[in-house]
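# Inside the fold
One-letter residues, chain by chain:
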Amino acid sequence: MSIEIDILNGDASWKQVAPLMDAVWPRHVVEKLPWGHIEWAHADLRVLIDAPWDSPQPGLACHVGIFFRTITWDGRKVDVGGIGGVATREDCRGHGYATVALNAAVQTMRDHEAIRFALLFCEPHNEAFYQARGWHRFEGEVYAEQPEGRVRFDAMAPLVFDFTRKPRDGVIDLCGLPW
Ligand SMILES: CC(C)(COP(=O)(O)OP(=O)(O)OC[C@H]1O[C@@H](n2cnc3c(N)ncnc32)[C@H](O)[C@@H]1OP(=O)(O)O)[C@@H](O)C(=O)NCCC(=O)NCCS
């Protein structure tokens, strides 16, 4: 099976992605979740995968957002890549789309030499999915900006993908909104 992957500008492609996000995370459901009140950063790039043209329901099947950010880790500036908004349409799950999109996102980050590691945040029930794909738990503390100021960001589990650094502990400051 050949899968066509698009990597597009984050803002320009948002209109294409919004219906998938609304379907996977409906507003009335998200509102009641522990992370429902969080203000999130917008993706810089987006990996998009369409369902095959001859599938019963063509259109966008999978999305992964890519973020670029200079954060601090134990007080030192580090360029990292972020992953967020990983979602596959319900009827398209289990076909490897999220795995392919994640790999494309990681490869895109690797093309930026300054990036030392990748970082994502997930709900506990999804940790195993990422760990099976080479991601590791970051056991330290994470801080981020929110409208009310700098806050401890512990609504989700931080996971890292090692490039030239292997962060497992310490203090990460996202120096901006989380993703
Ligand atoms: C998690 C998600 C993105 C996976 O998408 P997908 O396109 O079906 O993923 P893939 O086809 O690449 O991989 C599916 C495999 O991951 C496994 N998997 C899916 N969710 C999992 C989880 N929460 N924990 C462990 N394994 C999981 C499947 O069992 C399947 O295993 P198999 O290949 O051995 O059969 C999709 O289920 C989804 O959109 N969920 C709702 C939104 C969400 O929670 N996103 C993650 C945000 S951090």
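Here is a short report on the structure shown in this document. Quick caveat, the model's predicted, so the values are computed rather than measured.

### Side note on the site of the ligand
If you check the shell around the ligand, you find 19 residues, and the closest are Val86, Thr88, Gly94, Gly96 and Thr99. One nitrogen or oxygen atom from the side chain of arginine 93 is found 3.4 Å from an oxygen atom belonging to the ligand. Between the ligand and alanine 98 there is a distance of 3.1 Å, counted from an oxygen atom to a backbone nitrogen or oxygen. If the ligand stood free it would expose 920 Å²; the protein chains cover 66% of that surface. A molecule is said to occupy a pocket when more than half its atoms come within 2 Å of that pocket's grid points, and by this definition the ligand occupies the largest pocket. Going through the elements one at a time, strand S4 (76-88), helix H3 (97-110) and helix H4 (127-131) are the ones with two or more residues in the shell around the ligand.

### Topic: H3
Helix length check: H3, at 14 residues, gives a terminal C-alpha distance of 20 Å against a target of 20 Å (1.5 Å per residue), a fit within 8%. Of all the positions in H3, only Tyr97, Ala98, Ala101, Leu102, Ala104, Ala105, Val106, Thr108 and Met109 are classed as buried.

Here is what the cut-offs are and how they apply
- Residues numbered from 1 in each chain as written.
- Predicted model: local features only at pLDDT ≥ 70, side-chain atom pairs only at ≥ 80, totals over all residues.
- Heavy atoms only, no water.
- Near = heavy atom within 4 Å.
- Polar contact = N/O pair within 3.5 Å; in protein donor to acceptor, adjacent residues only side chain to side chain.
- Areas by Shrake-Rupley, 256 points an atom, 1.4 Å probe, with all protein chains shown as cover.
- 1 Å grid on protein atoms, 1.4 Å probe; cavity = no way out; pocket = protein on both sides within 12 Å on 5 of 7 lines; lining within 4 Å.
- Sits in = over half its atoms within 2 Å of the grid points.
- Helix = DSSP H or I, 4+ residues; strand = E, 2+ residues; numbered from the N terminus.
- Expected span 1.5 Å × (residues − 1).
- Buried < 20%, exposed > 50% of the residue type's maximum accessible area, 1.4 Å probe, protein only.

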